[in-house]
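# Architecture at a glance
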Amino acid sequence: MRLLFFPVLMMLSSFVFAQTSTVTISGIIKSRADKSGVAYASVVVNNAKDSAFIQGTITNEEGRFSMAGIKPGNYFLEVSMAGYESNQQPLFIGSLSPFLDIPVIELEEKATTLQGITIIAKPGDISSRLDKKTYSLSDHISQSGGSVLQSMQNLPGVTVQDGKVQLRGNDKVTVLIDGKQTALTGFGSQTGLDNIPASAIDKIEIINNPSSKYDANGNAGIINIIMKKNRQSGWNGKAGFSTGLGALWVRKENLPTIRPQYTLTPKINPSLSLNYRKNKVNVFLDADNLYTKTLNKNEFVTRIYDDDVTIKSQLKRNRNTNFLTTKAGVDWNIDEQNTLTVSGLYGSEKIIDRGDQPFFNEDLSHRLRLWQFLEDELKTTVMATAAYQHKFKEPGHLLNAGFNYTFHREDEKYFYDNHLPSSKGTDAFKLISDEQVYDFNIDYIRPLKYGRVETGIKLRDRRIPTDMNFIPGENSVLDTDAGGWATYKELIPAVYGNYVFENEKWEAELGLRIEYVNIQYDVNPDHSTYKSDGYHYTQPFPNLRLAYKLNDNNKLSVFYNRRVDRPNEVDIRIFPKYDDAEIIKVGNPALRPQFTNSVELGYKHNFSGSYLYAALYHRFADGTITRISSIVPGSTLVYAIFQNAGKSYNTGLEAIWSQKVSGSYSFNINGNIYRNQINAFTVENLYPRPNTFSAEKQTAISGNLKLNNTFRFSKGWDAQLTAVYLAPDIIPQGKILSRFSIDAGLKKSVQKGKGELFLNATDLLNTMVIKKQIRGMGFRYTSDDYYETQVVRLGYSYKF
């Protein structure tokens with residue numbers, strides 16, 4: 001527990017609880033006598049406190065009116081027209097819906113008493129609702145010029161472990177791009193975040209309690225990455241270039257007889273954004289290229305078997321990566337009520353890994369084995385999207401329809417050299433995987449008197465044929481009987497409904513999503529272990545939010561959510577992976593979904609331009625998906641296979657304090673403390689031969705503390721100093737020890753605000769080392785990974 005309060009400067013991300021600034025109201029005025037629209041009637045909004053004029057308009061020939069830009073508060077709505085008596089009624093503006101459709105107002109010669117009207121407004125990006133947090137990447141000076149994954153690791157409530165983002169200590173996170181699942185970030189499970197340039201991103205939304213309009217996948221929550229897009233008139237855009245160096249010195253020397261580890265690794269990131277808008281057409285193009293050399297892994301392992309045999313090893317992976325992403329499209333405003341957007345995205349990710357993995361006896365006097373490999377991988381993604389929107393006459397009354405096609409090819413080649421004391425072996429394999437996904441959705445939004453309703457349908461058809469060709473060489477160690485082909489098929493139709501209500505004291509949101517899922521995994525009949533498998537279900541996924549406004553500065557919210565984590569195709573992939581010579585990773589076609597229920601109590605207090613936010617949360621999962629490592633009798637190889645481990649629990653408290661001290665200094669402190677528990681379980685691993693694994697109940701109390709200091713100086717200078725401490729935590733069959741790092745950044749506005757220079761450094765003290773302790777069946781090991789974390793970057797961007 002003391003580790004959680006380690007007294008060190010902690011980081012802050014620019015955390016924004018955006019409050020609603022304006023709302024649009026609309027309605028229709030009719031004559032009570034003949035029900036016809038009353039044209040040119042005066043509609044005025046006055047302040048309830050002092051009757052000051054706020055805004056006014058007149059009705060059109062149909063009797064309709066609309067007024068935008070009204071701030072939250074209490075008002076009076078006054079309707080008048082020659083020949084009719086004036087009518088006045090109270091108005092309340094809330095914070096949940098951006099539009100209000102006022103019920104028909106009928107005028108007659110006699111005075112008419114009308115019911116009070118509630119107007120509701122939606123928070124700009126997030127959260128008087130306390131369900132979502134929004135972060136602008138332009139405010140993250142200390143992480144500029146890197147990847148999206150690097151930018152995320154300093155956000156409140158977010159940690160990064162083994163290349164994956166965790167929310168509140170859980171990596172079951174769904175990652176979206178512009179609100180959609182894509183092959184770039186993974187359908188269901190997350191992938192590729194370390195290679196997407198942060199320069200292409202506008203902001204990041206973290207949604208801990210998603211509503212029913214989102215896919216039910218991802219029990220920890222949703223991260224929505226919003227790409228940059230400009231809509232200014234005429235020609236405009238932004239160009240940028242950043243460069244940097246990582247691995248500035250060797251933190252731990254290699255074990256004997258292997259190739260040098262990368263140092264002084266270059267980073268190059270040019271970016272370009274173009275936009276042209278004229279009349280009804282807006283054309284846009286965004287392109288980013290991120291080239292890096294990285295010491296991707298540098299893990300030193302001591303493995304001790306139950307017979308007291310000790311093996312020491314090092315896994316070093318020098319990586320070259322080039323990631324190109326290009327997005328282009330056209331927005332066509334057909335008329336005032338209809339808009340069509342057509343866009344395409346192309347992504348190319350080239351990865352070259354050169355690895356060395358020596359194995360020694362306990363005192364390093366005798367090399368037992370040297371495993372060297374070359375991985376040549378090309379991932380190609382093509383997406384085509386069409387989105388149509390129809391605006392009804394009432395503002396905020398919308399019908400959206402969309403179609404999205406994704407093609408993603410994974411072309412992977414591995415080449416191995418296996419050096420033994422008296423012989424040498426050579427092996428290779430080639431994997432081709434072509435993923436195709438068709439998504440279709442229709443969404444309908446209707447403003448109401450006291451809120452809004454949302455409903456929609458979605459259909460997904462996804463297929464992934466995969467072919468693995470093992471090419472054994474001399475003294476091969478490959479399991480050639482585990483190759484061949486496999487095909488993953490996924491069909492998911494879903495329907496959802498969501499209702500939002502608000503009055504002056506209470507807010508409520510109730511939603512339900514119903515999904516039918518049919519998964520079929522067809523396996524090569526000649527496979528040595530696995531057979532074709534699949535599952536299907538129809539399940540409800542409800543969500544509930546109830547909030548009480550104590551006063552203008554204090555609000556309590558209660559959330560309930562049910563979600564699912566379906567195994568992704570790579571989790572059930574039947575082919576053994578040999579990127580680690582003695583820890584063989586294999587999928588499991590018998591893996592089943594993990595269902596999770598979560599409850600949360602949130603509180604927010606605003607004061608003097610600052611805020612305090614706290615949330616108490618509890619999640620309980622059934623069918624917990626985890627990777628189990630075990631050895632087969634008679635072998636020293638470790639086989640890591642995904643399994644459903646039974647029940648698990650995650651309970652915690654998150655708090656954020658954001659304070660503006662002065663015009664030149666502000667800070668944000670984020671703390672998260674949680675307890676993880678995995679109940680005792682027993683599973684059977686089938687590969688390479690059936691064996692049973694049992695584990696006792698695991699529990700741990702963990703968390704993280706982060707602090708961000710932001711400084712704003714004169715003449716356009718800004719600076720940021722961030723720090724993060726991550727407490728020890730449990731991982732499958734073991735624990736990961738504490739970690740700590742400090743980042744710093746400086747930026748300067750130049751060229752009358754059109755240009756910007758930045759300089760930053762991550763992990764200034766080079767303290768971020770991943771240390772693990774694992775206990776498996778028949779062995780235990782400790783590991784220290786001195787992978788590249790320290791990077792210095794310099795960049796420039798110009799808006800035109």
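Below is a short write-up of the structure. (Residues numbered from 1 in each chain as written. Predicted model: local features only at pLDDT ≥ 70, side-chain atom pairs only at ≥ 80, totals over all residues. Heavy atoms only, no water.)

## Observations concerning the overall build of the chain
- Per the secondary structure count, the chain includes two helices and 46 strands.
- The C-alpha atoms of the chain give 29 Å as radius of gyration, which agrees with the globular expectation for 800 residues (28 Å, within 12%).
- The burial tally for the chain puts 55% of its 800 residues in the buried class.
- For the chain, restricting intrachain contacts to residue pairs at least 6 apart in sequence, the fraction spanning at least 24 positions comes to 69%.
- Roughly 32,800 Å² of accessible area belongs to the chain as shown, and the carbon and sulfur atoms make up 57% of that amount.
- Considering the chain, the positive charge centre built from 92 side chains and the negative charge centre built from 83 side chains are found 4 Å apart. (Helix = DSSP H or I, 4+ residues; strand = E, 2+ residues; numbered from the N terminus. Rg over C-alpha atoms; globule rule 2.2 N^0.38 Å. Buried < 20%, exposed > 50% of the residue type's maximum accessible area, 1.4 Å probe, protein only. Contact = heavy atoms within 4.5 Å. Areas by Shrake-Rupley, 256 points an atom, 1.4 Å probe, with all protein chains shown as cover. Lys, Arg positive; Asp, Glu negative; His and termini not counted. Charge placed at Lys NZ, Arg CZ, Asp CG, Glu CD.)

## A short note on the side chain of H390
- Along the chain, H390 turns up in strand β21 (residues 367–391).
- Residue classification places H390 among the buried residues on the basis of a relative accessible area of 19%.
- Within the structure, H390 has its side chain in polar contact with the side chain of N338 (distance 2.9 Å).
- If we skip the residues at most four places from it in the chain, H390 touches Q337, N338, H397, L398 and L399. (Polar contact = N/O pair within 3.5 Å; in protein donor to acceptor, adjacent residues only side chain to side chain.)

## Here's the deal with unusual backbone geometry
- Here the amide bond leading from Y687 into P688 is cis, since omega sits at -5°, within 30 degrees of zero.
- With respect to the helices and strands, P688 occurs in the loop between β36 (681–685) and β37 (691–695).
- Positive phi, close to 60°, is recorded for K715, a residue that is not glycine.
- The topology assignment puts K715 in the loop between β38 (698–712) and β39 (717–726).
- The exposure class assigned to K715 is exposed, which follows from its relative accessible area of 72%.
- Within the chain, Q751 stands out as a residue other than glycine whose phi angle is a positive 55°.
- Looking at where Q751 falls in the secondary structure, it is placed in the loop between β42 (739–750) and β43 (755–762).
- Using a relative accessible area of 44% as the deciding quantity, one classes Q751 as partly exposed.

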